[in-house]
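Summary of the model geometry
So you can see what is in the structure, the chains are spelled out below.
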Amino acid sequence: AQKITQTQPGMFVQEKEAVTLDCTYDTSDQSYGLFWYKQPSSGEMIFLIYQGSYDEQNATEGRYSLNFQKARKSANLVISASQLGDSAMYFCAMRSSGSARQLTFGSGTQLTVLP
Amino acid sequence: SQTIHQWPATLVQPVGSPLSLECTVEGTSNPNLYWYRQAAGRGLQLLFYSVGIGQISSEVPQNLSASRPQDRQFILSSKKLLLSDSGFYLCAWSKRNEKLFFGSGTQLSVL
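Rules of the game
Residues numbered from 1 in each chain as written. Chains lettered and ligands numbered in written order. Predicted model: local features only at pLDDT ≥ 70, side-chain atom pairs only at ≥ 80, totals over all residues. Heavy atoms only, no water. Helix = DSSP H or I, 4+ residues; strand = E, 2+ residues; numbered from the N terminus. Rg over C-alpha atoms; globule rule 2.2 N^0.38 Å. Buried < 20%, exposed > 50% of the residue type's maximum accessible area, 1.4 Å probe, protein only. Contact = heavy atoms within 4.5 Å. Areas by Shrake-Rupley, 256 points an atom, 1.4 Å probe, with all protein chains shown as cover. Lys, Arg positive; Asp, Glu negative; His and termini not counted. Charge placed at Lys NZ, Arg CZ, Asp CG, Glu CD. Salt bridge = Lys/Arg side-chain N within 4 Å of Asp/Glu carboxyl O. Buried area = accessible area lost by both parts, 1.4 Å probe. Polar contact = N/O pair within 3.5 Å; in protein donor to acceptor, adjacent residues only side chain to side chain. Nonpolar A, V, L, I, M, F, W, Y, C, P; charged D, E, K, R; others polar. Disulfide = S-S within 2.5 Å.

Summing up its helical and strand segments, chain A has zero helices and twelve strands in all. Ordered by position from N to C terminus, the α and β elements of chain A give β-β-β-β-β-β-β-β-β-β-β-β. The C-alpha atoms of chain A give a radius of gyration of 14 Å, which matches the 13 Å a tight globule of 115 residues would have. Overall, chain A is about 45 × 30 × 20 Å in size when its C-alpha atoms are taken along their principal axes. Expressed as a percentage of its 115 residues, the buried residues of chain A come to 48%. Here the analysis covers contacts within chain A between residues at least 6 apart in sequence; of these, 54% occur between residues at least 24 apart. As displayed, chain A offers around 5,400 Å² of accessible surface, 48% of which is attributable to carbon and sulfur atoms. For chain A, the centre of its 9 positive side-chain charges and the centre of its 10 negative side-chain charges are spaced 4 Å apart.

Here the focus is unusual backbone geometry. Put simply, Trp 7 of chain B and Pro 8 of chain B share a cis peptide bond, and its omega is 0 degrees. As for its placement among the helices and strands, Pro 8 of chain B is situated in the loop between strand 1 (3-7) and strand 2 (10-13). Positioned with a positive phi, Ala 81 of chain A is a non-glycine residue whose angle comes to about 45 degrees. Mapped onto the elements of the fold, Ala 81 of chain A is located in the loop between strand 9 (74-79) and strand 10 (88-95).

The next subject is the pattern of salt bridges. All names here are of chain B. Counting across every chain of the model gives four salt bridges over all chains. Two residues, Arg 68 and Asp 71, come together in a salt bridge whose shortest N-O distance is 3.2 Å. Residue classification places Arg 68 among the buried residues on the basis of a relative accessible area of 3%. Judged by relative accessible area, which is 21%, Asp 71 ranks as partly exposed.

The partner chain A presents 17 residues to the 20 residues of chain B that form the contact. Roughly 1,500 Å² of surface becomes buried between chain B and chain A when both sides are summed, with 58% attributable to carbon and sulfur atoms. For the interface between chain B and chain A, the tally reads three residue pairs in polar contact (both at pLDDT 80 or more). Only strand 4 (32-38), strand 5 (44-52) and strand 9 (87-94) of chain B provide two or more residues apiece to the side of chain B that touches chain A. Of the residues contributing to the side of chain B that touches chain A, the split by class is ten nonpolar, five polar and five charged.

Time to look at the state of the cysteines. For the coordinates displayed, the defined rule picks out two disulfides over all chains. Each disulfide pairs two cysteine sulfurs, and for Cys 23 of chain A the partner residue is Cys 92 of chain A, the sulfurs being separated by 2.0 Å. The sign of the -65 degrees torsion about the S-S bond sets the Cys 23 of chain A-Cys 92 of chain A disulfide as left-handed. Here Cys 23 of chain A, found in the loop between strand 3 (19-21) and strand 4 (24-26), pairs with Cys 92 of chain A, found in strand 10; they are 69 residues apart in sequence, far enough to count as distant. Looking at Cys 92 of chain A, the relative accessible area reads 0%, which means it is buried. Between the sulfur atoms of Cys 23 of chain B and its disulfide partner Cys 91 of chain B the distance amounts to 2.0 Å. The sign of the -75 degrees torsion about the S-S bond sets the Cys 23 of chain B-Cys 91 of chain B disulfide as left-handed. Here the residue Cys 23 of chain B occupies a position in strand 3 (residues 19-26), and Cys 91 of chain B occupies one in strand 9, the gap between them amounting to 68 residues. An identical accessibility class is assigned to Cys 23 of chain B and Cys 91 of chain B; each is buried.

Everything listed here is a matter of coordinates, which is why it stays silent on function.
Structure below.
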């Protein structure tokens with residue numbers, strides 16, 4: 001069975017500073033995918049970034065980067081130059097190797113950016 | 001471009017009443033479809049997924065059911081709602097090896 005663990009229920013960061021949101025995972029699959037989603041108070045789920053298990057380079061998307069450490073089974077999200085609009089719930093997720101390729105989500109981290 | 005529509009946005013239902021939430025996807029064919037539920041302040045729990053018309057897999061035994069009568073339509077139903085069915089329900093779609101795209105969600109309150 002797959003499991004995603006996010007140990008930080010809440011995080012605070014000062015505007016314009018960088019912040020790291022932790023995510024560890026457990027799987028017996030050799031091929032898997034890791035995702036980060038952002039959920040603002042409106043409830044929509046916004047895709048941020050993806051890392052494949054065979055990708056050698058860490059994924060980056062604008063101010064988002066994924067610190068992928070395969071041996072440690074961690075996939076931390078780094079947000080640089082935080083903005084007030086980054087305040088939201090952030091979920092780490094893993095794609096299964098089953099036929100439906102469904103995502104298993106962590107419990108989330110509530111990020112608050114302080115002015 | 002692809003879009004996903006989910007309705008209603010909010011729903012208040014009495015215990016024991018039926019439920020029908022609908023989700024449709026446009027701009028793609030043969031998507032994988034998913035229903036997730038999110039309890040307040042919690043992560044997402046996969047309820048059902050479908051890889052094709054009439055093909056439904058349930059992840060969590062409960063009094064909810066799902067159906068896929070058309071390729072791009074996914075319906076979440078219940079004959080009799082329980083208090084514990086309250087939550088935020090999200091429909092999502094994906095192609096085989098790609099990320100999930102989510103609908104805007106339905107906030108269900110069972111009273």
